Amino acid sequence: MAEHPAADLAAPGDAVVGSGPEGTGHYLGSGSSLAAANVAGAAALVRARHPGLDAAEVSRRLTATAYPASPARLDVYAALTAVPADAVGAVPQPPPADLPAAPPRAPRHRAVLVASAGGGLVLLVAAAAAVIPRGRARRWRPAD
């Protein structure tokens, strides 16, 4: 008795909804022919997305990106978007940061000048508050 070869890839083939020839236009069917149609459609999408691939590379891509099971299950999204391990990609370069312009220095200098003048005025008033009462007490004469 001859052995049956094992399938490399499984696809949905049970209770598949598709377009039908009559009635409401919907067809509910099951079988390997519907699963084969899913794989053929996935292969067509991969060929459209990656036109440089030949049939063997498309087959390898479909089986390499399938869900891990026994047999592997078709994953069309992964087949279309996965980057193969042997592919060399470019490292993305982020755009340079947009730094704001340095703030003008004039307002800062003005603030330092006003604060210094105010501090000097406070010191002058404090010195006058200490000196004037002592000078009046001695009647503005120098100490002996």
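Refer to the structure above for everything that follows.
The model shown is predicted, which means the values in this text are computed figures rather than measured ones. (Residues numbered from 1 in each chain as written. Predicted model: local features only at pLDDT ≥ 70, side-chain atom pairs only at ≥ 80, totals over all residues. Heavy atoms only, no water.)

(A) The overall build of the chain, seen in detail. Across its full length, the chain carries four helices and four strands. Counting from the amino terminus, the chain carries its helices and strands in the arrangement β-β-β-α-α-β-α-α. Dimensions of the chain along its principal axes, counting C-alpha atoms only, are 135 × 45 × 30 Å. The contacts in the chain between residues at least 6 apart in sequence include a share of 36% that link residues at least 24 apart. If you sum the accessible surface of the chain, you get close to 11,900 Å²; carbon and sulfur atoms cover 63% of it. Distance between charge centres in the chain, computed from 13 positive and 10 negative side chains, equals 45 Å. (Helix = DSSP H or I, 4+ residues; strand = E, 2+ residues; numbered from the N terminus. Contact = heavy atoms within 4.5 Å. Areas by Shrake-Rupley, 256 points an atom, 1.4 Å probe, with all protein chains shown as cover. Lys, Arg positive; Asp, Glu negative; His and termini not counted. Charge placed at Lys NZ, Arg CZ, Asp CG, Glu CD.)

(B) Up close: the side chain of Thr-65. The residue Thr-65 is located in the loop between α2 (55-64) and β4 (72-73) in this model. Overall, the relative accessible area of 15% leaves Thr-65 in the buried class. Reaching out from Thr-65, the side chain makes a polar contact with the backbone oxygen of Arg-61 at a distance of 2.7 Å. Filtering out sequence-adjacent residues up to four positions away, Thr-65 remains in contact with Asp-75, Ala-78, Ala-79 and Ala-82. (Buried < 20%, exposed > 50% of the residue type's maximum accessible area, 1.4 Å probe, protein only. Polar contact = N/O pair within 3.5 Å; in protein donor to acceptor, adjacent residues only side chain to side chain.)

(C) Here's a closer look at the nonpolar core. Of all hydrophobic cores here, the largest spans 10 residues; its members are Leu-9, Ala-42, Val-46, Leu-53, Val-58, Leu-62, Ala-66, Ala-72, Leu-74 and Ala-79. Among the secondary structure elements, those contributing two or more residues to this core are α1 (32-49) and α2. With sequence-adjacent residues up to four places away left out, Leu-74 is seen in contact with Leu-9, Ala-10, Ala-11, Asn-38, Val-39, Ala-42, Leu-62, Ala-66 and Tyr-67. (Core = buried A, V, L, I, M, F, W, Y, C linked by side-chain atoms within 4.5 Å.)

(D) Looking closely at the side chain of Arg-61. Its location among the elements puts Arg-61 in helix α2. Of the polar contacts made by the side chain of Arg-61, one reaches the side chain of His-50; its length is 3.3 Å. Setting aside residues no more than four positions away along its own chain, Arg-61 makes contact with Val-46, His-50, Leu-53, Ala-79, Leu-80, Thr-81, Ala-82 and Pro-84.

(E) Fine view of a nonpolar patch on the surface. A surface patch of nonpolar side chains, amounting to about 310 Å² of accessible area, comprises Leu-121, Leu-124 and Val-125. With respect to the helices, strands and loops of the structure, Leu-124 is situated in helix α4 (residues 106-137). Its relative accessible area of 56% is what places Leu-124 among the exposed residues. (Patch = residues over 30% accessible without salt bridge, like charges linked within 9 Å, V, L, I, M, F, W, Y side chains within 5 Å. Salt bridge = Lys/Arg side-chain N within 4 Å of Asp/Glu carboxyl O.)

(F) α4, seen in detail. Counted at 1.5 Å a residue, the expected span for α4 with its 32 residues is 46 Å, and the 47 Å between its end C-alpha atoms agrees. The element α4 is largely exposed, with a buried count of one among its 32 residues. Taken from the residues just after α4, Arg-139 is the one with a positive phi, measuring 60 degrees. (Expected span 1.5 Å × (residues − 1).)

(G) Representation of unusual backbone geometry within the structure. Cis peptide bonds are those with omega within 30 degrees of zero, and the linkage from Ser-70 to Pro-71 qualifies with -5 degrees. Here the phi dihedral of Ala-15 falls at roughly 55 degrees; this positive angle occurs in a residue that is not glycine. Here Ala-15 lies in the loop between β1 (9-10) and β2 (16-19).

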